[in-house]
Amino acid sequence: MQARPQSWRIGQVTVTKIVELESVGGSRFILPQATREACLDIDWMRPHFMDDEGRLKMSVHALVIQTPTKRIIVDTCLGNDKEGRGVAGWNNLNGPFLRDLAAAGFPRESIDTVMCTHLHVDHVGWNTMKVEDRWVPTFPNARYLMARSEFTYWQAKRDSAEHNAIFDDSVKPVFEAGLVDLVETDHRICDEVRLVPTVGHTPGHCSVLISSEGHEALITGDFVHHPCQMAMPAWASTADYDQEQSTRTRREVFGRLAGTRTLVIGTHFAGATAGHIKNDGDAFRLEV
Ligand SMILES: [Zn+2]
């Protein structure tokens, strides 16, 4: 990992990015309309979010929010030792994520809140870790917050071996350990941090809004996967469960934030990862 992780200050709050995986290209499975030809036209994406060949850069990372009273990890990436994942490279990982987290000043025991923006594979993985043959909570001193509507949806779904594996190895063990608080999608975590519903990607999807001393930042979650969707809000992700709703959410949130001082911190944005949304014709762009 980088010697010093990227971080941002929002008033009295800091947000620190802990990277698990980064990729260039290979994102068509998630954003099929984002061909190289189509993306090359979106020039402002270079160099942070696209290379010179039009291949998209993406990242899987966690964001640690440190407030005066809380230490919150937002989304827990893929995790080590997981099996049954649909993307081959996401199985049996053996990465240094927990070491990097501790090196950044956040040993896992010191985390008091885990917030999963939604319950997809790359957002719940480090909820648990394998000890001998069991999945145990990685963050034993944390409350794990999940939107009630999100949890209920996935608990009932049980429709594929992959979904079942994800729920059983990364959600159920923390629930059974009594560490989960099911919350509403507009839940306030502390004075500076609250959830904002941004549904469409999943039924109970939340973004995380940070406000302190007149400064504001929004951690996106996956209502937007890549900044190309600011230029093309209708480029829905194959993982969006309701693509019309996710497109409405993107237009609504981008429209609300465009031209404001709210820092947008992307959950899968590579490179600079954060920026400000600007109006750009009848769409938007991210200024870093
Ligand atoms: Zn994701």
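The shown structure was predicted, so the numbers you read here are calculated from the model rather than taken from an experiment. (Residues numbered from 1 in each chain as written. Predicted model: local features only at pLDDT ≥ 70, side-chain atom pairs only at ≥ 80, totals over all residues. Heavy atoms only, no water.)

Participant: I would appreciate a short explanation of the overall build of the chain in the present structure.
Facilitator: A count of helical and extended segments in the chain gives 8 helices and 16 strands. Computed over its C-alpha atoms, the radius of gyration of the chain comes to 18 Å, within 12% of the 19 Å expected for a compact globule of 288 residues. Along the three orthogonal principal directions, the C-alpha set of the chain runs to about 55 × 45 × 40 Å. Burial status across the chain gives 55% buried among its 288 residues. (Helix = DSSP H or I, 4+ residues; strand = E, 2+ residues; numbered from the N terminus. Rg over C-alpha atoms; globule rule 2.2 N^0.38 Å. Buried < 20%, exposed > 50% of the residue type's maximum accessible area, 1.4 Å probe, protein only.)

Participant: Just to check I follow, could you spell out the packing of aromatic side chains for this structure?
Facilitator: To describe a pair of aromatic rings, one takes the distance between the centres and the angle between the planes. Inspection of every chain in the model, using the stated rule, returns 9 aromatic pairs. On the basis of an interplanar angle of 70° and a centroid distance of 6.1 Å, the ring pair of F49 and F269 is categorised as edge-to-face. Residue F49 is found in the loop between α1 (36–40) and β3 (57–66), and its partner F269 is found in the loop between β14 (263–265) and β15 (274–280); the two are separated by 220 residues along the sequence. Given a relative accessible area of 2%, F49 falls into the buried group. Aromatic pair F97 and W126: ring centres 5.6 Å apart, planes at 15°, arrangement stacked. Of this pair, F97 sits in helix α2 (residues 97–103) while W126 sits in the loop between α3 (121–124) and β6 (128–131); the two residues are 29 residues apart in sequence, bridging distant segments of the chain. Its relative accessible area of 2% is what places F97 among the buried residues. (Phe/Tyr/Trp six-rings, centres within 6.5 Å; stacked < 30°, edge-to-face > 60°.)

Participant: Where do I start with the pattern of salt bridges in this structure?
Facilitator: Two side chains carrying opposite charge are able to pair once their charged atoms lie near each other. Under the counting rule described, the total for this entry stands at 13 salt bridges. R256 serves as the salt-bridge partner of E252, at 2.9 Å between the closest nitrogen and oxygen. Of this pair, E252 and R256 both sit in helix α8 (residues 243–257), 4 residues apart, which is roughly one turn of that helix. By relative accessible area, R256 is classed as partly exposed at 46%. If you follow the salt bridges from partner to partner, you end up with K82, R85 and D169 in one network. (Salt bridge = Lys/Arg side-chain N within 4 Å of Asp/Glu carboxyl O.)

Participant: Explanation requested: the coordination of the zinc ion in the structure shown.
Facilitator: The expected angle between donors at a tetrahedral four-coordinate metal is 109.5 degrees. At an octahedral six-coordinate metal it is 90 or 180 degrees. Within the protein, the zinc ion binds to D122 (OD), H123 (NE2), D222 (OD) and H268 (NE2); these donor distances fall in the range 2.0 to 2.1 Å. For the zinc ion, the 4 donor atoms in the first shell make angles of 84 to 168° at the metal, so the coordination geometry reads as irregular. When the donors of the zinc ion are listed by position in the chain, the intervening gaps give D-H-x98-D-x45-H. Here D222 lies in the loop between β13 (215–219) and α7 (228–231) and D122 lies in helix α3, a separation of 100 residues in the sequence. (Donors = N, O, S within 2.8 Å, 3.2 Å for Na, K, Ca; no water. Tetrahedral: all angles 85-135°; square planar, octahedral: opposite > 155°, others 65-115°.)

Participant: What is the right way to read the sheet that holds strand β16 (residues 283–287) from this model?
Facilitator: Neighbouring strands of a sheet are bound in pairs by backbone hydrogen bonds; such pairs are parallel or else antiparallel. Read from one edge to the other, the open sheet built from 7 strands follows the order β10-β11-β12-β13-β14-β15-β16, with strand pairing classed as mixed. Of all the strands in the sheet, just β10 (188–190) and β16 have a single pairing partner and so form its edges. Taken over all neighbouring pairs, the strand axes of this sheet differ in orientation by 30° on average, direction set aside. As judged from the 5 bridges shared by strand β11 (residues 193–197) and strand β12 (residues 206–212), these two strands associate in the antiparallel manner. (Pairing = 2+ DSSP bridges. Axes fitted to C-alpha atoms, helices over the stretch in contact; angles between N-to-C directions.)

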